[in-house]
Amino acid sequence: MSTPMHRLFQNFIDLLFAAESPSDFCSTIKIISAEFDLSCFAYLSLADTPEGKPRLISTYPETWTSHYLLNEYQHIDPVIQKAARHPEPFRWGLDLADREISTQARELLAEALDFGIRFGFTIPIQIGPRPVAALTFATNEKRASFDHCIQSNERVLQLMAMCFHAHVRRKLSVGGTFDRVPLSRRELECLKWAAQGKSAWEIGQILRISRNTAADYLNNAKEKLGVRTVIQAATLLAAANKQKQN
């Protein structure tokens, strides 16, 4: 990696801020992947509701991604299943097939091998207790350069994954209602990060807005929900998300 890390990260944030479409976001990760010498990636955002559809932004072969979504493989994919159980980033490889997984999951792995997806590094993305997305960098063979890159840049890649997810949700999703109260897209997004324990400054860093702007969105959400503190508003959101899971 020839570009200094601070410049690489700033370039990444600038590209995210300018991105407006799925193809823009895909190009952003492709540029960063090339700097890290990572061959391909897949960002999968899980649906918010049982009847919803996941969002996939990827450089995997289109034949594979179309087949994956058509068959709703996200429900049996052992990588996604592990990401749902463990919040920390993890590496995986051919040994996944040796574990106690379903026949369907084993067949999925065999199909993925045909498309050169053999080894990878997956970063789970969670809002509160609920897994919402995962970003995976994959390779078709075990390479020392891949392992070295992951080992040296794991935390940077994790931060990039969180920023990527935040901007995708902001640009490609719409606002919504919470407890029958209409919240703007930014208000709901800031509140979700606050429910995960992020401060206004941290939310500002993730969303590339100022701390004061993030605090204003949180205060607006608080006032709309009729509570006295942002912590109370975030607690309401976390409780509502938990209730949805039950």
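Please read all numbers here as calculations on a predicted model, not as lab measurements. (Residues numbered from 1 in each chain as written. Predicted model: local features only at pLDDT ≥ 70, side-chain atom pairs only at ≥ 80, totals over all residues. Heavy atoms only, no water.)

1. Remarks on the layout of surface pockets
Reasoning step 1: Approximately 390 Å³ is the volume attributed to the second largest pocket.
Reasoning step 2: If one sorts the elements of the lining of the second largest pocket by residue count, helix 5 (residues 103–114) sits on top with six residues.
Reasoning step 3: Within the lining of the second largest pocket, the residues separate by chemical class into 20 nonpolar, three polar and three charged. (1 Å grid on protein atoms, 1.4 Å probe; cavity = no way out; pocket = protein on both sides within 12 Å on 5 of 7 lines; lining within 4 Å. Points joined across faces, edges and corners; volume = space filled by probe spheres on them. Helix = DSSP H or I, 4+ residues; strand = E, 2+ residues; numbered from the N terminus. Nonpolar A, V, L, I, M, F, W, Y, C, P; charged D, E, K, R; others polar.)

2. Considerations on helix 9 (residues 211–225)
Reasoning step 1: Taking 1.5 Å of rise per residue, 15 residues should cover 21 Å, and helix 9 covers 21 Å from first to last C-alpha, within 8% of that figure.
Reasoning step 2: Two residues or fewer after helix 9 comes G226, characterised by a positive phi angle close to 75°. (Expected span 1.5 Å × (residues − 1).)

3. Focus on the nonpolar core
Reasoning step 1: Core analysis: the largest hydrophobic core is formed by 53 residues, its most contacted members being F12, F137, F164 and L191.
Reasoning step 2: Residue contributions to this core peak at eleven residues, all from helix 6 (residues 144–172).
Reasoning step 3: Apart from the residues lying within four places of it in its own chain, the contact partners of F137 are I29, S33, L38, C40, F41, F119, G120, F121, I123, F146 and L157.
Reasoning step 4: Ranked by size, the runner-up nonpolar core spans 19 residues in total, among them Y60, Y68, Y73 and A83. (Core = buried A, V, L, I, M, F, W, Y, C linked by side-chain atoms within 4.5 Å. Buried < 20%, exposed > 50% of the residue type's maximum accessible area, 1.4 Å probe, protein only. Contact = heavy atoms within 4.5 Å.)

4. Some remarks on the side chain of T28
Reasoning step 1: With respect to the helices and strands, the residue T28 is situated in helix 2 (residues 22–36).
Reasoning step 2: Those residues in contact with T28, other than ones at most four positions away along the chain, are F12, L15 and L16.

5. Structural notes on the side chain of Q126
Reasoning step 1: Structurally, Q126 is set in strand 4 (residues 119–127).
Reasoning step 2: Ignoring sequence-local partners within four residues, the contact set of Q126 consists of A84, P87, P131, V132 and Q196.

6. Details of unusual backbone geometry
Reasoning step 1: At D37, a position not held by glycine, the phi torsion is positive, near 60°.
Reasoning step 2: Mapping D37 onto the fold places it in the loop between helix 2 and strand 1 (40–45).
Reasoning step 3: Notably, R208 is not glycine yet its phi reads approximately 60°, a positive angle.
Reasoning step 4: Mapped onto the secondary structure, R208 falls in the loop between helix 8 (200–207) and helix 9.

7. Points about the packing of helix 1 (residues 5–18) against helix 2
To describe two helices that pack against each other, one gives the angle between their axes and the distance between the axes.
Reasoning step 1: Here helix 1 crosses helix 2 at 170°, and the two axes come no closer than 9 Å. In terms of axis orientation, helix 1 runs roughly antiparallel to helix 2. Here M5, L8, N11, F12, L15 and L16 of helix 1 come into contact with helix 2, specifically with F25, T28, I29, I31, I32, E35 and F36.
Reasoning step 2: In the contact of helix 1 with helix 2, the residues fall into ten nonpolar, two polar and one charged. (Axes fitted to C-alpha atoms, helices over the stretch in contact; angles between N-to-C directions. Parallel < 35°, antiparallel > 145°, perpendicular 65-115°, else oblique.)

8. Brief notes about the packing of helix 6 against helix 8
Reasoning step 1: At a minimum axis distance of 8 Å, the contact between helix 6 and helix 8 shows a crossing angle of 80°. Here helix 6 is positioned roughly perpendicular relative to helix 8, judged by the angle of their axes. Between helix 6 and helix 8, the contacting residues are M162, C163, A166 and H167 on the first element and Q205, I206 and L207 on the second.
Reasoning step 2: A per-class count over the contact of helix 6 with helix 8 returns five nonpolar, two polar and no charged.

9. Considering the pattern of salt bridges
Pairing is possible between side chains of opposite charge, provided their charged atoms come close.
Reasoning step 1: For the structure shown, the criterion picks out seven salt bridges.
Reasoning step 2: Salt-bridge contacts for R91 lead to D147; the nearest nitrogen and oxygen are separated by 3.8 Å. Taken together, the residues R91 in strand 3 (residues 90–92) and D147 in helix 6 connect sequence positions 56 residues apart.
Reasoning step 3: Residue R91 is classed as partly exposed on the basis of its relative accessible area of 38%.
Reasoning step 4: Here R186 ties to E189 by a salt bridge, and the two come within 3.9 Å at their closest N and O atoms. Of this pair, R186 and E189 both sit in helix 7 (residues 185–195), three residues apart, which is roughly one turn of that helix.
Reasoning step 5: A relative accessible area of 11% places R186 in the buried class.
Reasoning step 6: Given the relative accessible area of 6%, E189 is considered buried. (Salt bridge = Lys/Arg side-chain N within 4 Å of Asp/Glu carboxyl O.)

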